[in-house]
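Summary of the model geometry
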Amino acid sequence: MDHITIANSRVPVLGFGTWKLFGPECIKATELALIAGYRHIDTAQIYENEAEIGMVLRHSGIARDEIFLTTKIWMDNVGRGKFQRSVDESLKRLQTDYVDLLLLHWPVDDVPLRQQLEDLQAVQQACRARLIGVSNYPVALMRAACKDYGITLANNQVEYHPFLSQKPVLDYARAHGMFVTAYSPLARGKVADHPVLQQIARRYGKNEGQIALRWLIQQEGVAAIPKAARADHIRDNIDIFDFALTAEEMNAIMGLARPDGRLINPDWAPQWDKAA
Ligand SMILES: NC(=O)c1ccc[n+]([C@@H]2O[C@H](COP(=O)([O-])OP(=O)(O)OC[C@H]3O[C@@H](n4cnc5c(N)ncnc54)[C@H](OP(=O)(O)O)[C@@H]3O)[C@@H](O)[C@H]2O)c1
């Protein structure tokens, strides 16, 4: 399956991550990604590349409804009367009337969660975001959003790769009709060094990155958004739809998760779930 269907949206399971792609490099890489067949693009206000991505999409000749476009509200724009204006500015930079998915980038402690969610919902009700969701939310916060405040979230975008279990988040998401997007799905390039991934890669004539991505998208309700600047990486990362891992290989890769596998853990991170 090359896409996830959720609330009338079709989400390609393999998307293009754009963190740390700036200016001409971002333009070039995003153009190459579209040529290679990516139709799901992930950006964020904080990446400072929404304008470049908007320009590439506008000039691509690809119909807007063939693209699944995600952006994320940065922490400083949550509450404080800045939320809606920041969405207006993102849409202007992206040269579109709507994004397919709008996320709260990180949990923010000093603005009531209800207000954050209502602001997000207002964007959706104004048809400026097809789907809404969160990023870097542990289960307790997912539960608060869905259960305490009755908000229908479509997605949680979290760090997920062979070295980090996300079982609690995945279990909660699947039980509540959400999908999970795996960020840093290549463990920021580190998957290339692991002998188990190397061995499986040889078996299929693929590289370790392709095995890690295949492992992610073969899981129910999981999309992955590898970033690449290099043309060969961009092409390789989407060339994962002509083979399938066996149940035994899926389990072997599942077994690579370790307690210190998390790579993205800034000062403002929430209390993460204990890996199961
Ligand atoms: N929501 C959040 O808080 C959050 C946090 C982090 C990331 N993200 C999103 O997730 C995306 C991906 O995560 P990421 O950028 O942290 O890391 P990543 O996708 O795991 O890894 C990117 C790194 O791997 C290299 N690479 C790409 N393809 C490769 C391949 N086939 N073989 C070997 N190396 C390869 C890239 O090199 P080259 O660039 O030189 O090709 C780059 O150095 C981000 O771009 C962003 O969109 C979201």
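Summary of the structure given here. What you see is a predicted model; the values in this text were computed from it and never measured. (Residues numbered from 1 in each chain as written. Predicted model: local features only at pLDDT ≥ 70, side-chain atom pairs only at ≥ 80, totals over all residues. Heavy atoms only, no water.)

Turning next to the packing of helix α3 (residues 83-94) against helix α4 (residues 113-125). Running from N to C, α3 and α4 point in directions that differ by 40°, and their axes come no closer than 10 Å. On the basis of their axis angle, the class for α3 and α4 is oblique. You can see that α3 and α4 cross each other, and the crossing is right-handed. Of the residues in α4, those touching α3 at Phe-83, Gln-84 and Val-87 are Gln-116, Asp-119, Leu-120, Ala-122 and Val-123. Residues belonging to the contact of α3 with α4 are distributed by class as follows: five nonpolar, two polar and one charged. (Axes fitted to C-alpha atoms, helices over the stretch in contact; angles between N-to-C directions. Helix = DSSP H or I, 4+ residues; strand = E, 2+ residues; numbered from the N terminus. Parallel < 35°, antiparallel > 145°, perpendicular 65-115°, else oblique. Left-handed = near helix turned anticlockwise from the far one by under 90°. Contact = heavy atoms within 4.5 Å. Nonpolar A, V, L, I, M, F, W, Y, C, P; charged D, E, K, R; others polar.)

Direction of pairing for strand β1 (residues 3-6) relative to strand β2 (residues 9-12): antiparallel, over a ladder of four bridges. Bridge pairing in β2 places Ile-4 opposite Val-11. Two successive antiparallel strands, β1 and β2, enclose a turn made up of two residues, where Ala-7 displays a positive phi of approximately 45°. (Pairing = 2+ DSSP bridges.)

Bringing the environment of Phe-241 into the picture now. By the element assignment, Phe-241 lies in the loop between α9 (231-238) and α10 (247-254). Other than its neighbours up to four places away in sequence, Phe-241 contacts Met-1, Asp-2, Val-13, Leu-14, Arg-214 and Ile-217.

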